[in-house]
Amino acid sequence: MKLFTLALPALAAAASIQPLQSRQVAGGPRVVYAAQLGNPNGCPAGTFSFALSEGGLIGTIIFDAYNALVGPGISTGEREKQCDFDVTIEFPIGCTTGNIIVHPRGDNFIANTDTGVYSASYTLPKGQLPAGNPPNIQYRSGQNFAAFQSIPASINIRNQNERNTTFTARTRIFLETPLSNPQYSEFSIQNMDIYVRDVVTTPTC
Ligand SMILES: *[C@@H]1O[C@H](CO)[C@@H](O)[C@H](O)[C@H]1NC(C)=O
């Protein structure tokens, strides 16, 4: 009984943070790894890391330098940053459909004239993303940026060797400002959860 009482607050906390998959099955899709591509200015070497949640259901990318800046004395090259990365997702054998969830977050300071924008294009080369890319996310005020993208995906995995599949994200963030001499604004992404939910797997497509 002790175990039961301990587990409840943890479940309640998880549920309040985000809509976790309710019917995650053993062997269902799980994010196993993420690595940056090249040496982009938004995630130069040493500023990109990856962690798995307990239970391995959610992969979290941690960005130490993914911030777009404008303001007095700040070089114009800081206004837009990019970070491209590969995420390895292990799918079960069979035909799987689901939604790949991308959940970027950051603490920000955006002047009331400005807009922070997150723009991404995603590919799943061994499968399909039938809805294409989600629209840009625009962030205008407040300090705690958090957004969800839900990307429908389908994939057919025929054998054990095909199970680890690459999901590629080409992302950029930038600040839009109407002013030629803008006030200080910062739009940053500090971490990003990635997981797959609403999963249905059938033996064949
Ligand atoms: C997928 O990759 C992870 C991490 O490298 C590894 O632990 C796992 O065994 C791989 N899965 C399969 C089915 O090969």
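Before reading further, recall that the structure is shown in the block above.
Overview of the structure. (Residues numbered from 1 in each chain as written. Predicted model: local features only at pLDDT ≥ 70, side-chain atom pairs only at ≥ 80, totals over all residues. Heavy atoms only, no water.)

## Topic: the site of the ligand
Stage number 1. Near the ligand you find V32, E90, Q160, R163 and N164, and these make up its full shell.
Stage number 2. Separating a nitrogen atom of the ligand from a side-chain N or O atom of E90 is a distance of 2.7 Å.
Stage number 3. For the ligand, an oxygen atom lies 2.2 Å from a polar atom in the side chain of N164.
Stage number 4. Protein contacts shield 48% of the accessible area of the ligand, which totals 360 Å² for the unbound molecule. (Near = heavy atom within 4 Å. Polar contact = N/O pair within 3.5 Å; in protein donor to acceptor, adjacent residues only side chain to side chain. Areas by Shrake-Rupley, 256 points an atom, 1.4 Å probe, with all protein chains shown as cover.)

## Overview of empty space enclosed by the protein
Over the atoms rolls a probe the size of a water molecule, and its path tells where empty space is left.
Stage number 1. The tally for this structure, following the rule as stated, stands at one cavity of 30 Å³ or more.
Stage number 2. In this structure, the largest cavity encloses a volume near 30 Å³.
Stage number 3. In terms of lining, the largest cavity is formed by F91, T96, T97, G98, A153, S154, I155 and V196.
Stage number 4. Elements that contribute at least two residues to the lining of the largest cavity include exactly β6 (94–107) and β11 (149–157).
Stage number 5. When the residues that make up the lining of the largest cavity are grouped by side-chain class, the tally is four nonpolar, four polar and no charged. (1 Å grid on protein atoms, 1.4 Å probe; cavity = no way out; pocket = protein on both sides within 12 Å on 5 of 7 lines; lining within 4 Å. Points joined across faces, edges and corners; volume = space filled by probe spheres on them. Helix = DSSP H or I, 4+ residues; strand = E, 2+ residues; numbered from the N terminus. Nonpolar A, V, L, I, M, F, W, Y, C, P; charged D, E, K, R; others polar.)

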